[in-house]
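# Understanding the architecture of this molecule
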Amino acid sequence: MSPASRAARWAPDLLAGVAAFLVGLVEINRYYYVELWPPLVVITGVAVAVGLSRALPGAALAVAWFTGLLQVLTGVDPMVTEVLLAVVAFGCARWGRLPTVWLSGLSIPAGAVIAVVWLSPYSFYEGLDNLGIGGLAEDAYRAGGYGVRATAGILGIALLATPWLLGLALRFASRSQDSRRSQVAAEAQRDQAEEIARLREEQAQLARDVHDVVGHSLAVILAQAESAQYLEDADTQGLKLTMANIATSARSSLDDVRQVLASTAQRPGAAASAGPQADLDSLIEGVRASGHQVLTTEVGTPQPMPPELAVVAFRVLQEMLTNAIKHGPRDQPVHVERHWDGDLRIEVRNALPEPVAEPDPALDVTHPIAVPLPPPPPPPVQPPPAGGQGLDGMRRRLEAVGGRLDVRRRTDPPTFTATAWVPVRAR
């Protein structure tokens, strides 16, 4: 804490203590005391307690008790300056720790009882008269000693209990405000965290979309370019057709990337569209045009799907075909099966260039497309050596809409099978 801050913290308390001491000096000068030091000690104790009431309420309470006990032992009459002990009661209830709050609350009736028992009725009478309520003091004096004591005790309790209760009320009000501010701050932090998470998810979704589009297009273009080297030198027509297919694939990929970026910029948080090739058949035909043999099987009646689910099905099949083109032998066909029965089940199977070393017998299982799966989902398996990022992207897409992904390898014959379940209705 800087010196300026420390001075600003103690300045109000210091001024209050000085004011209390000056009030006490004025009172000493107005009345005659045989010995000056006892009332001077009392007003000094009251001033110190008032000065500590905000910054150190516990110490202020201790000083107030010490001053009161010294007053009882020295027989100093109640003084007007002691009215300022109400500031101490307020400070203990408002800023003190929990033990200080309880002790200050118990000190009010305890202090009144001690003063009533130890001080004489005449001292109370003088104190009431000094406070400017001489009429009440005379009525209490006529009622006898018990009347004076009772009147003084009730007034003392009321004088200290009122500011103590006020400080307690302000304490609870301040805590309530702090709680509300903390709640608002927590909500703001939660909203900020949700916004950051949403932006990160949008970035991840954009990265997956661009990965799928560019990866698929490059795989198709690469396959077409590799097929051109097997053409006869005199087959200019075949070469032109291959180059036209490459240009068409590149143009389609460029348009698809532009559409993905445009949809993300215009509709934050919305799923990107699948692009101009919005159906699965056109996606398969594009792979065939690259020179790969694709064998398709479709079981059941196709059902209309919401746009967000159609995008997921398109992107997942796109990534499956990309992996099959990249990692499967070119002279072996890619098998694509679609099964419409409740959910849309897409299975893509391609041969592996070489057998898998030391296969896990538990993973050597592939369910045919026409046979329904048992109720529990298949256990997770290890992905193939390549294409892990694509599989992770497919799995995230499917899990986001309530679907799932299963990948399996077989050794006889060596094949890799990827199966996706896509809901046909939003869940």
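Keep in mind that this is a model prediction, so the values were computed, not measured.

A few words now on the confidence of the model for the protein chain. The predicted coordinates of low-pLDDT regions are not to be read in fine detail. Counting all residues, the mean pLDDT for the protein chain is 77, and 76% of those residues have values of 70 or more. Below pLDDT 50 for its whole length, residues 268-278 participates in 27 contacts with residues either more than four positions away or in separate chains. Of the regions scoring below 50 in pLDDT, residues 361-388 engages in 42 contacts with residues more than four places distant in sequence or in other chains.

Now for the nonpolar core. The biggest cluster of nonpolar side chains holds 36 residues, and the ones touching the most others in it are Leu317, Met320, Leu321 and Val348. Going through the elements one at a time, helix H8 (145-228), helix H10 (280-289), helix H11 (307-327), strand E2 (334-341), strand E3 (343-351), helix H12 (388-400), strand E4 (404-411) and strand E5 (414-422) are the ones with two or more residues in this core. Counting residues per element, this core draws most heavily on H11, at 10 residues. Discounting chain neighbours no more than four positions away, the residues touching Leu321 are His216, Leu283, Ile284, Val287, Val334, Val336 and Val348.

This part covers the sheet that holds strand E1 (residues 294-299). Read across the open sheet, the 5 strands follow the order E1-E2-E3-E5-E4; overall the sheet is mixed. Edge positions in the open sheet fall to E1 and E4, since each of these has one partner strand only. With strand direction ignored, the average angle separating the axes of adjacent strands in the sheet is 15°. Pairing of E2 with E3 involves 7 bridges; the strand directions are antiparallel.

To continue, consider a nonpolar patch on the surface. A surface patch of nonpolar side chains, about 290 Å² in accessible area, is lined by Leu14, Val18 and Leu22. Here Leu14 lies in helix H1 (residues 3-30).

Look at helix H3 (residues 57-74): 26 Å from first C-alpha to last across 18 residues, which is about the 26 Å you get at 1.5 Å a residue. The complete set of buried residues in H3 reads Pro57, Ala60, Leu61, Ala64, Thr67, Leu70, Gln71 and Val72. In the segment just after H3, Gly75 is the residue with positive phi, at about 75°.

Below, the discussion takes up the environment of Asp209. Along the polypeptide, Asp209 turns up in helix H8. Take Asp209: its relative accessible area is 0%, and that puts it in the buried class. Here the alpha-carbon distance between Asp209 and Val257, two residues 48 residues apart in the chain, equals 8.2 Å.

The geometry of an aromatic ring pair is captured by the separation of the ring centres together with the interplanar angle, meaning the angle of the planes. Counted under the stated rule, the structure contains 1 aromatic pair. Between Phe90 and Trp95, the aromatic rings sit 5.7 Å apart at their centres with planes inclined by 85°, giving edge-to-face as the arrangement. Residue Trp95 is classed as partly exposed on the basis of its relative accessible area, which comes to 39%. Lying across the ring of Trp421, Arg404 places its NZ or CZ 4.2 Å from the centre.

With that settled, consider empty space enclosed by the protein. Tallying each qualifying case throughout the model produces 2 cavities of 30 Å³ or more. The calculated volume of the second largest cavity comes to roughly 40 Å³. Along the walls of the second largest cavity sit Met320, Asn323, Ala324, Val348, Asn350, Leu391, Met394, Phe416 and Ala418, which together make up its complete lining. When residues of the lining of the second largest cavity are traced back to their parent elements, those giving at least two are H11, E3, H12 and E5. The dominant element in the lining of the second largest cavity, judged by the number of residues it contributes, is H11, at 3 residues. For the lining of the second largest cavity, the class distribution of residues is 7 nonpolar, 2 polar and no charged.

Quick look at the side chain of Asp406 now. Within the secondary structure layout, Asp406 lies in strand E4. On the basis of relative accessibility, which here comes to 6%, the residue Asp406 falls in the buried class. Among the polar contacts made by the side chain of Asp406, one reaches the side chain of Arg408 at a distance of 2.6 Å.

Attention now moves to the side chain of Arg171. Looking at where Arg171 falls in the secondary structure, it is placed in helix H8. At 9.8 Å, Asp178 is the nearest oppositely charged side chain to Arg171, a buried residue that forms no salt bridge. Reaching out from Arg171, the side chain makes a polar contact with the backbone oxygen of Gly96 at a distance of 2.6 Å. Residues contacting Arg171, with those up to four places away along its chain left out, are Cys92, Ala93, Arg94, Trp95, Gly96, Arg97, Leu98 and Val101.

On to the packing of helix H2 (residues 37-52) against H3. Close contact between H2 and H3 brings their axes to 8 Å; oriented N to C, the two are set at 165°. By the angle between their axes, H2 is roughly antiparallel relative to H3. At the point where H2 passes H3, the crossing takes the left-handed sense. Between H2 and H3, the residues in contact are Trp37, Pro38, Val41, Val42, Gly45, Val46, Val48, Ala49 and Leu52 and Pro57, Ala59, Ala60, Val63, Ala64, Thr67, Leu70, Gln71 and Thr74, respectively. Partitioned by chemical class, the residues of the contact of H2 with H3 number 14 nonpolar, 4 polar and no charged.

Moving on, we get to the pattern of salt bridges. For side chains of opposite charge, pairing can occur when their charged atoms come near one another. A complete count under the given rule lists 10 salt bridges for this structure. When the shortest N-O distance is used, the salt bridge between Glu285 and Arg288 registers 2.7 Å. Of this pair, Glu285 and Arg288 both sit in helix H10, 3 residues apart, roughly one helical turn. By relative accessible area, which is 31% here, Arg288 ends up partly exposed. A salt bridge links Arg408 to Asp406; the nearest nitrogen and oxygen atoms lie 2.6 Å apart. Residue Arg408 shares its accessibility class with Asp406, and that shared class is buried.

Criteria and cut-off values
- Residues numbered from 1 in each chain as written.
- Predicted model: local features only at pLDDT ≥ 70, side-chain atom pairs only at ≥ 80, totals over all residues.
- Heavy atoms only, no water.
- pLDDT = per-residue confidence, 0-100.
- Contact = heavy atoms within 4.5 Å.
- Core = buried A, V, L, I, M, F, W, Y, C linked by side-chain atoms within 4.5 Å.
- Buried < 20%, exposed > 50% of the residue type's maximum accessible area, 1.4 Å probe, protein only.
- Helix = DSSP H or I, 4+ residues; strand = E, 2+ residues; numbered from the N terminus.
- Pairing = 2+ DSSP bridges.
- Axes fitted to C-alpha atoms, helices over the stretch in contact; angles between N-to-C directions.
- Patch = residues over 30% accessible without salt bridge, like charges linked within 9 Å, V, L, I, M, F, W, Y side chains within 5 Å.
- Areas by Shrake-Rupley, 256 points an atom, 1.4 Å probe, with all protein chains shown as cover.
- Salt bridge = Lys/Arg side-chain N within 4 Å of Asp/Glu carboxyl O.
- Expected span 1.5 Å × (residues − 1).
- Phe/Tyr/Trp six-rings, centres within 6.5 Å; stacked < 30°, edge-to-face > 60°.
- Lys NZ or Arg CZ within 6 Å of the ring centre and 35° of its normal.
- 1 Å grid on protein atoms, 1.4 Å probe; cavity = no way out; pocket = protein on both sides within 12 Å on 5 of 7 lines; lining within 4 Å.
- Points joined across faces, edges and corners; volume = space filled by probe spheres on them.
- Nonpolar A, V, L, I, M, F, W, Y, C, P; charged D, E, K, R; others polar.
- Polar contact = N/O pair within 3.5 Å; in protein donor to acceptor, adjacent residues only side chain to side chain.
- Lys, Arg positive; Asp, Glu negative; His and termini not counted.
- Parallel < 35°, antiparallel > 145°, perpendicular 65-115°, else oblique.
- Left-handed = near helix turned anticlockwise from the far one by under 90°.

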